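Report on the structure
Single-letter residue listing:
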Amino acid sequence: MGFRCGIVGLPNVGKSTLFNALTETQAAQAANYPFCTIEPNVGQVGVPDPRLDKLAEIAGSQKIIPTQLGFVDIAGLVRGASKGEGLGNQFLGNIREVDAVVHVLRCFENDDIQHVDNRVDPISDAETVETELMLADLDSLEKRVPAAQKKAAQGDKEAKLIASVLGQALELLREGKPARLTQPRDEDEARVFAQAQLLTAKPVLYVCNVEEESAASGNAFSERVFAKAKAEGANAVIVSAAIEAELIGMEADERMVFLEELGLAETGLARIIRSGYDLLHLITFFTVGPKEARAWTVHKGAKAPDAAGEIHSDMQRGFIRAETIAFDDYVALGGETGAKDAGKLRQEGKEYVVQDGDVLHFKFNV
């Protein structure tokens, strides 16, 4: 399972520059004017994970295949998007198709780069985008909730459930709060809420795009964004899109030297991925052999058959058991044989909950 993050923000905040850097392509045309990005660019990125390299080294794997992370560079939004202004309808439609929103906020001063409002205020920018998303959701629910309430009054049980769940979301939106603060009480309510595809139900990661000098510790602008994220229970990271762009084309050793000189331990991509995983409650498991070492992604709480299904539906359908070794055990004991000899290779059944870092081998029969 990969996941798709939609990169959003006002025009000229660094969305396309960040997209290019993250995907190490020039797929998105970066330019100093609004609506430079019209059709959403999509990039697949291999998720860097040093654990995978270690496993491949121990197993002598010929190929290393990381799990994939999708980024979608979505057109810049302007006020009135919820009513179709600018590229509003297209913008909102693109957001519905992603799993999470990576909200890029301009946290740097630069007179050479025009801001759509002629000032730098990341909090105001964030509120502009979220207001448009809330207005779009509000417009949708003010039509759907009364219709569901009418059917519920006639005895329709599903309509009663819809009216209750979406009614909660509607009240939040009327209070100026995003729908993601809705708290479904059980699986049925969670299903109804997910099916509504509300824009403000998407988890949000704020990306503070700072100047190079502030990449390690942030600045006054990013401090305000982190305070906002904390108040909302959201995530935030500091990234310099300019630095990420400079890293394109560098060899691994060059990158490390360059990052160290700036006081950085890792790339912006690594920070975004880690925050994205946390945001979407994802974990990684591995399959390892002489031909390839490969990383796979599942949601936290996924059971062994679900993980098998990420590899192939037949594995899930005919699941028998999962031979399981914890990552630390695999490394400490020198691979599968050592782990087996030490009694660290476990036979897990259908109810086993996969743990982050598990090395799995599935037995199945179809």
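Check the entry above for the structure.
A quick note: this is a predicted structure, and the numbers were derived from the prediction, not measured.

Let's shift gears to the overall build of the protein chain. Counting its secondary structure elements, the protein chain contains 14 helices and twelve strands. Among the 366 residues that make up the protein chain, the fraction classed as buried is 50%. Only carbon and sulfur atoms are counted for the fraction: they give 49% of the accessible area of the protein chain, which is about 17,600 Å².

Moving on to the sheet that holds strand S1 (residues 3-8). Pairing is mixed across the open sheet formed by six strands, whose spatial order is S2-S4-S1-S5-S6-S7. The open sheet has two edge strands, strand S2 (41-46) and strand S7 (235-239), and neither has a second partner. The sheet shows a mean angle of 25° between the axes of neighbouring strands, direction not considered. Taken together, the four bridges between S1 and strand S5 (residues 100-106) define a ladder with parallel strand orientation. Looking across to S5, one finds that Val8 is bridged to His103. Here helix H4 (residues 122-153) sits on the sheet and contacts S5 and strand S6 (204-209); the angle it forms with S5, its principal contact strand, is near 145°. Where helix H10 (residues 268-280) meets the sheet, it contacts S1, S2, strand S4 (68-73), S5, S6 and S7, and its direction lies at approximately 175° from that of S7.

In this section: the side chain of Thr284. Along the chain, the position of Thr284 falls in strand S8 (residues 282-288). For Thr284, a relative accessible area of 4% translates into the label buried.

Further remarks concern the packing of helix H5 (residues 157-174) against helix H6 (residues 187-195). Between H5 and H6, the shortest axis-to-axis distance is 9 Å and the interhelical angle comes to 70°. Accordingly, the angle class assigned to the pair H5 and H6 is roughly perpendicular. Handedness of the crossing formed by H5 with H6: right-handed. Facing Glu158, Leu161, Ile162, Val165, Gln168 and Ala169 of H5, the residues of H6 in contact are Asp188, Glu189, Arg191, Val192 and Phe193. Among the residues forming the contact of H5 with H6, the class breakdown is six nonpolar, one polar and four charged.

Criteria and cut-off values
In every chain, residue numbers begin from 1 and rise along the written sequence. Restriction of local features to residues with pLDDT of at least 70 applies here, the model being predicted, together with a cutoff of 80 or more for giving and counting side-chain atom pairs; totals for whole chains, interfaces and linings are based on all residues. To obtain the side-chain values, all non-hydrogen atoms of the structure were used and water was disregarded. Helix numbers and strand numbers start at the N terminus; a helix is a DSSP run of H or I with at least 4 residues, a strand a run of E with at least 2. The buried label goes to any residue with under 20% of its type's maximum accessible area, the exposed label to any with over 50%, and the partly exposed label to all in between, with areas taken from a 1.4 Å probe on protein chains only. Using a 1.4 Å probe, the Shrake-Rupley method yields the accessible areas, and only the shown protein chains count as cover for residues. Strands pair, by our definition, only if DSSP identifies at least two bridges between them. Between N-to-C directions, angles span 0 to 180 degrees; the directions come from axes that are lines fitted to C-alpha atoms, helices contributing only their stretch in contact. Residues are treated as being in contact if the distance between any of their heavy atoms lies within 4.5 Å. By definition in this entry, angles of less than 35 degrees are roughly parallel, angles greater than 145 are roughly antiparallel, angles of 65 to 115 are roughly perpendicular, and the rest are oblique. Note on convention: near helix rotated counterclockwise from far helix by under a right angle means a left-handed crossing. Clockwise means right-handed. Gly counts as polar in this scheme, as do all residues outside two lists: the nonpolar Ala, Val, Leu, Ile, Met, Phe, Trp, Tyr, Cys and Pro, and the charged Asp, Glu, Lys and Arg.

Everything listed here is a matter of geometry and, on its own, says nothing about what the molecule does.
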